[in-house]
Amino acid sequence: MADPILADDHSPDAVRRRLSSPPSSSYLRDFIYGAIDGAVTTFAVVAGVEGADLSASVVLILGGANLIADGFSMAVSNFLGLRAERQQLEGARREEERHVSLVPEGEREEIRQIFAAKGFEGKDLERVVDVITADRDLWVSTMLHEELGLGGAEPSPLRAGAATLLAFVTVGSFPLLAFVFDAVFPGVLDHVFAWSAAMTAVAFFAVGSLKSRFVEQAWWRAGLETLAVGGAAAVLAYAVGAFLEAVV
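Owing to the predicted nature of the structure, the values given are computational and were not obtained by experimental measurement.

Rules of the game
Residues numbered from 1 in each chain as written. Predicted model: local features only at pLDDT ≥ 70, side-chain atom pairs only at ≥ 80, totals over all residues. Heavy atoms only, no water. Helix = DSSP H or I, 4+ residues; strand = E, 2+ residues; numbered from the N terminus. Buried < 20%, exposed > 50% of the residue type's maximum accessible area, 1.4 Å probe, protein only. Contact = heavy atoms within 4.5 Å. Axes fitted to C-alpha atoms, helices over the stretch in contact; angles between N-to-C directions. Parallel < 35°, antiparallel > 145°, perpendicular 65-115°, else oblique. Left-handed = near helix turned anticlockwise from the far one by under 90°. Nonpolar A, V, L, I, M, F, W, Y, C, P; charged D, E, K, R; others polar.

## Structural notes on the side chain of serine 196
Logical step 1: Note that serine 196 resides in helix α10 (residues 192-211).
Logical step 2: Judged by relative accessible area, which is 0%, serine 196 ranks as buried.
Logical step 3: In this structure serine 196 touches Phe43, Val46, Pro175, Ala178 and Phe179, once residues within four positions along its chain are discounted.

## Considerations on the packing of helix α5 (residues 104-116) against helix α6 (residues 122-133)
Logical step 1: Where α5 meets α6, the axes come as close as 9 Å, and the angle between the chain directions of the two elements is 130°. When the axis of α5 is compared with that of α6, the two are oblique. Of the two elements, α5 crosses α6, and the hand of that crossing is right-handed. Every residue of α6 that contacts α5 at Arg108, Ile111, Arg112, Phe115 and Ala116 is listed here: Leu125, Glu126, Val128, Val129, Asp130, Ile132 and Thr133.
Logical step 2: A breakdown of the residues in the contact of α5 with α6 according to their chemical character gives seven nonpolar, one polar and four charged.

Written as structure tokens, this is what we have:
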């Protein structure tokens, strides 16, 4: 028996409303990327300094500098990368429009072969070709998608960069919270580094669990997966700090 709610979602009116809206862009990748990298790199600084047996003030200075500098660098890199992809798409669109203007029959043949490969033939195939090539925008968009694999939802470079920066600074501050608290209320916390490691583990697990809301993965499995990746980076950073402290 069909699910009545699912059936309502696929009624002609519901489908029309859904398809009439442009596909929305997701910034989940940008948030997860920024959050994990923020926690990993900041705790790597904390672990490296702790491994080298340096003072807590060095942790705060280097950790704070990492939050601002590396977070901004990641956000700008994400912004420029997405803007470059958008510029690539715009350039490809102009090139396809030029081809349609200069060699329309050749472009019609490309449409014909693309849909023939999808199983259309005879009058049905020619009808598809006629319908698509009658609308210049649809023609160019179809070529971009089918021939070049471009198009679809275009995320905003500015919003993607902002999501990366926000996640980096927010989640990346977790490894420093214990040191900030100890600086404001000295002597209250024992084993500040252990508190920092615990806070970082919470941040990793929380980010992974949040990711599970958008992908088909159990929340605890996603949390443990992210925790394991971040923990491995932290252990490596601590080992490098301890090694350098011993060498120097």
